[in-house]
Amino acid sequence: LNSDAVKEFEGPLKLMPPNNFGFVEDIFIDPNLIESNSLTDGKMLYGKAILSFNTKKNVWCWKAFAVKIRN
């Protein structure tokens, strides 16, 4: 399924302590994805992100929904 609301990404994870969320470039990585995949700062990731509305900032952004560690 192709959609402008879904994109693939790749890059190093930048963790944002103490909240345990992170980013790969401008893509938000949820704390649940970080914990369930045992991700650490600097890990090379690839995956898919979906366009999502951030109600706190009142803006559209990208949010990862699938990640894998790049070997």
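Right above here is the structure, for reference.
Quick caveat, the model's predicted, so the values are computed rather than measured.

1. Let's talk about the pattern of salt bridges
Stage number 1. A complete count under the given rule lists 1 salt bridge for this structure.
Stage number 2. Where Arg 70 meets Glu 10, a salt bridge forms, and the shortest distance between an N and an O atom there is 3.1 Å. Note that Arg 70 is positioned in the segment after strand E6 (59–69) and Glu 10 in strand E1 (residues 6–12), a separation of 60 residues in sequence.
Stage number 3. On the basis of relative accessible area, Glu 10 is assigned to the partly exposed category, the value being 43%.

2. Considerations on a nonpolar patch on the surface
Stage number 1. Among the surface-exposed residues, Val 6, Ile 50 and Phe 65 lie close enough to one another that they form a single nonpolar patch of about 230 Å² accessible area.
Stage number 2. In this fold, Phe 65 is placed in strand E6.
Stage number 3. Phe 65 gets classed as partly exposed once you look at its relative accessible area, which sits at 45%.

3. A few points about the packing of aromatic side chains
Stage number 1. Under the counting rule described, the total for this entry stands at 4 aromatic pairs.
Stage number 2. Geometrically, the ring pair formed by Phe 21 and Phe 28 is tilted, given 5.5 Å between the ring centres and 40° between the ring planes.
Stage number 3. When its relative accessible area of 22% is taken as the criterion, Phe 28 is described as partly exposed.
Stage number 4. One aromatic cluster is present, built from ring pairs that chain together Phe 21, Phe 23 and Phe 28.
Stage number 5. A cation sits over an aromatic face here: Arg 70 above Tyr 46, 4.0 Å from the ring centre.

About the thresholds
- Once a new chain begins, its residue numbering starts again from 1 and follows that chain's sequence as written.
- The predicted origin of the model limits local features to residues at a pLDDT of at least 70 and limits the giving and counting of side-chain atom pairs to 80 or more, whereas totals for whole chains, interfaces and linings rest on all residues.
- Excluding hydrogens and water, the side-chain figures rest on all heavy atoms present in the structure.
- The rule for a salt bridge is simple: a side-chain nitrogen of Lys or Arg has to be within 4 Å of a carboxyl oxygen of Asp or Glu.
- Going along the chain from the N terminus, every DSSP run of H or I of four or more residues is numbered as a helix, and every run of E of two or more is numbered as a strand.
- Buried residues are those whose accessible area, probed at 1.4 Å on protein chains only, stays under 20% of the maximum for their type, while exposed residues exceed 50% and partly exposed ones sit between those limits.
- Exposure above 30% relative accessible area and the lack of any salt bridge qualify a residue for a patch; like charges then connect within 9 Å, and the nonpolar side chains Val, Leu, Ile, Met, Phe, Trp and Tyr within 5 Å.
- Where accessible areas are quoted, they stem from the Shrake-Rupley method and a 1.4 Å probe; at the residue level, only the protein chains shown are allowed to cover.
- Two rings from Phe, Tyr or Trp (for Trp, the six-membered ring) form a pair when their centres sit within 6.5 Å of each other. Planes less than 30 degrees apart are called stacked, planes more than 60 degrees apart edge-to-face, and all others tilted.
- The criterion is that NZ of a Lys, or CZ of an Arg, lies within 6 Å of the ring centre and within 35 degrees of the ring normal, and then a charge sits over that ring.

Any link to function would need more than the numbers given here.
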